[in-house]
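Below are the chains, spelled out letter by letter.
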Amino acid sequence: MSFKLEDLPYAYDALAPYMSAETLEYHHDKHHQAYVTNGNKLLEGSGLEGKSLEEVVKESYGTNAGLFNNAGQHYNHLHFWKWMKPNGGGALPAALAKKIEEDLGGYDKFRADFINAGVTQFGSGWAWLAVKDGKLVVMKTPNGENPLVHGATPILGCDVWEHSYYIDYRNARPKYLEAFVDNLVNWEYVEELFNKAI
Ligand code: MN3
């Protein structure tokens, strides 16, 4: 199955002032499009045509770096757009809040740990909330890597590549991560993935 770039689930200016239309135009239309275009070229003849995106990501990891980087980033970004919404953040769905309390020491600790994961990811990468062996974990990964290749299922991720925040926040990655958690996260979509993963 070839990769396809879907439209954003909201208008380009819908996440302002936390993420600008200019950032979303470059990030979605240029960066994500390039992962899709290059991923499709590298998928051809890889032996992984016909596999699901998740299977391509897992099976190309460690065996086909070019394909993995692009397929991984396609997977990460198609969820990233859905992990945000206008007027996001705020109260968590009850079942997810309870699980965060049990596994991660409560929302405030989760928030601090998630932001810290993003801040301390040296260079490009992602901060994650994932389900591993039935438990929630906070993780970070470099470049296009994600929890799928570490035996976990991502339910929330924040892109900390500079292209995700430099137009709006310059070098202030912590401020971008705070705005993401407090004002952008679409907790209903996180809950949907949590229910599937658990
Ligand atoms: Mn990106």
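Residues numbered from 1 in each chain as written. Predicted model: local features only at pLDDT ≥ 70, side-chain atom pairs only at ≥ 80, totals over all residues. Heavy atoms only, no water.

Taking an unreviewed UniProt entry as the reference, the chain is identified by name as Superoxide dismutase belonging to Pseudovibrio exalbescens. In its Sequence similarities (unreviewed entry) section, UniProt records this for the chain: "Belongs to the iron/manganese superoxide dismutase family." For the record of the chain, the UniProt heading Catalytic activity (unreviewed entry) holds the text "2 superoxide + 2 H(+) = H2O2 + O2". (UniProt positions renumbered as here; feature names shortened; annotations may be inferred.)

Asks: Whenever I open this one, the coordination of the manganese ion confuses me. Can you help?
Replies: A four-donor tetrahedral metal ideally has 109.5 degree angles, and a six-donor octahedral metal ideally has angles of 90 or 180 degrees. Protein coordination at the manganese ion comes from H27 (NE2), H77 (NE2), D159 (OD) and H163 (NE2), with a distance range of 1.9 to 2.1 Å. Between the donor residues of the manganese ion, the gaps in sequence give the motif H-x49-H-x81-D-x3-H. Taken as a pair, H77 in helix α3 (residues 65-82) and D159 in strand β3 (residues 153-159) lie far apart in primary sequence, 82 residues in all. You'll find H77 and D159 in the same group, each marked buried. (Donors = N, O, S within 2.8 Å, 3.2 Å for Na, K, Ca; no water. Helix = DSSP H or I, 4+ residues; strand = E, 2+ residues; numbered from the N terminus. Buried < 20%, exposed > 50% of the residue type's maximum accessible area, 1.4 Å probe, protein only.)

Asks: Which parts of the structure should I look at to understand the UniProt feature "domain: Manganese/iron superoxide dismutase N-terminal" (unreviewed entry) in the chain?
Replies: UniProt's feature table lists "domain: Manganese/iron superoxide dismutase N-terminal" (unreviewed entry) at residues 2-84, given in the numbering used throughout. Taken end to end, residues 2-84 is 59% helix and 0% strand, and its first and last C-alpha atoms sit 25 Å apart.

Asks: Teacher, can you tell me more about helix α8 (residues 187-197) here?
Replies: What α8 keeps buried is the set W187, Y189, V190, L193 and F194. One side of α8 holds all its buried residues, which, seen down the axis, span an arc of 155 degrees. Of the surrounding secondary structure, the elements contacted by the buried residues of α8 are α3, α4 (94-104), α5 (107-120), β1 (125-132), β2 (135-142) and β3. (Arc of directions from axis to C-beta. Contact = heavy atoms within 4.5 Å.)

Asks: Looking at this model, I keep getting lost on unusual backbone geometry. Mind explaining?
Replies: In terms of backbone geometry, most residues other than glycine have negative phi values and most peptide bonds are trans. With an omega of 5 degrees, the peptide bond running from A16 to P17 counts as cis. Mapped onto the elements, P17 comes out in the segment before α1 (21-43). Phi angles above zero are rare outside glycine, and N87 is one such case at about 55 degrees. Structurally, N87 can be placed in the loop between α3 and α4. Unusually for a residue other than glycine, D133 sits at a positive phi of about 50 degrees. Topologically, D133 is positioned in the loop between β1 and β2. Accessibility expressed as a relative area gives 72% for D133, which makes it exposed.

Asks: How should the domain arrangement of the chain be read in this particular structure?
Replies: Frequently, the measure chosen for interface size is the accessible area removed from exposure when the parts meet. Here the chain is described as being made up of domain 1 (21-82) and domain 2 (94-197). Its C-alpha centre places domain 1 at a distance of 20 Å from the equivalent point of domain 2. Of the roughly 1,800 Å² buried where domain 1 meets domain 2, counting both sides, 62% is carbon and sulfur surface. On inspection of domain 1 and its partner domain 2, the count reaches zero salt bridges. On inspection of domain 1 and its partner domain 2, the count reaches 10 residue pairs in polar contact (both at pLDDT 80 or more). At the level of secondary structure, the elements contributing two or more residues to the side of domain 1 that touches domain 2 comprise α1, α2 (53-60) and α3. Across the side of domain 1 that touches domain 2, the residue classes break down as seven nonpolar, eight polar and four charged. (Domains from an automatic or database assignment. Buried area = accessible area lost by both parts, 1.4 Å probe. Salt bridge = Lys/Arg side-chain N within 4 Å of Asp/Glu carboxyl O. Polar contact = N/O pair within 3.5 Å; in protein donor to acceptor, adjacent residues only side chain to side chain. Nonpolar A, V, L, I, M, F, W, Y, C, P; charged D, E, K, R; others polar.)

Asks: Which parts of the structure should I look at to understand the nonpolar core?
Replies: In a soluble, globular protein the nonpolar side chains are often hidden away together inside. With 46 residues, the main nonpolar core has F80, M84, L136, I155, L156, Y176 and F180 as its most contacted residues. When we break this core down by domain, the ones giving at least three residues each are domain 1 (21-82) and domain 2 (94-197). Not counting chain neighbours up to four residues away, the residues in contact with F80 comprise M19, H27, W126, G157, C158, D159, S164, Y176 and F180. (Core = buried A, V, L, I, M, F, W, Y, C linked by side-chain atoms within 4.5 Å.)

Asks: Help me out: how do you make sense of the pairing of β1 in this one?
Replies: Buried residues dominate β1, accounting for seven of its eight residues. Across eight bridges, β1 lies against β2 in antiparallel orientation. For W128, the partnering residue across the bridge sits in β2 and is M139. (Pairing = 2+ DSSP bridges.)

Asks: What's the story with the environment of N38 in this structure? I'm lost.
Replies: Here N38 lies in helix α1. The exposure class of N38 is partly exposed, given its relative accessible area of 32%. In this structure, the C-alpha to C-alpha distance between N38 and N171, residues 133 residues apart in sequence, is 28 Å.

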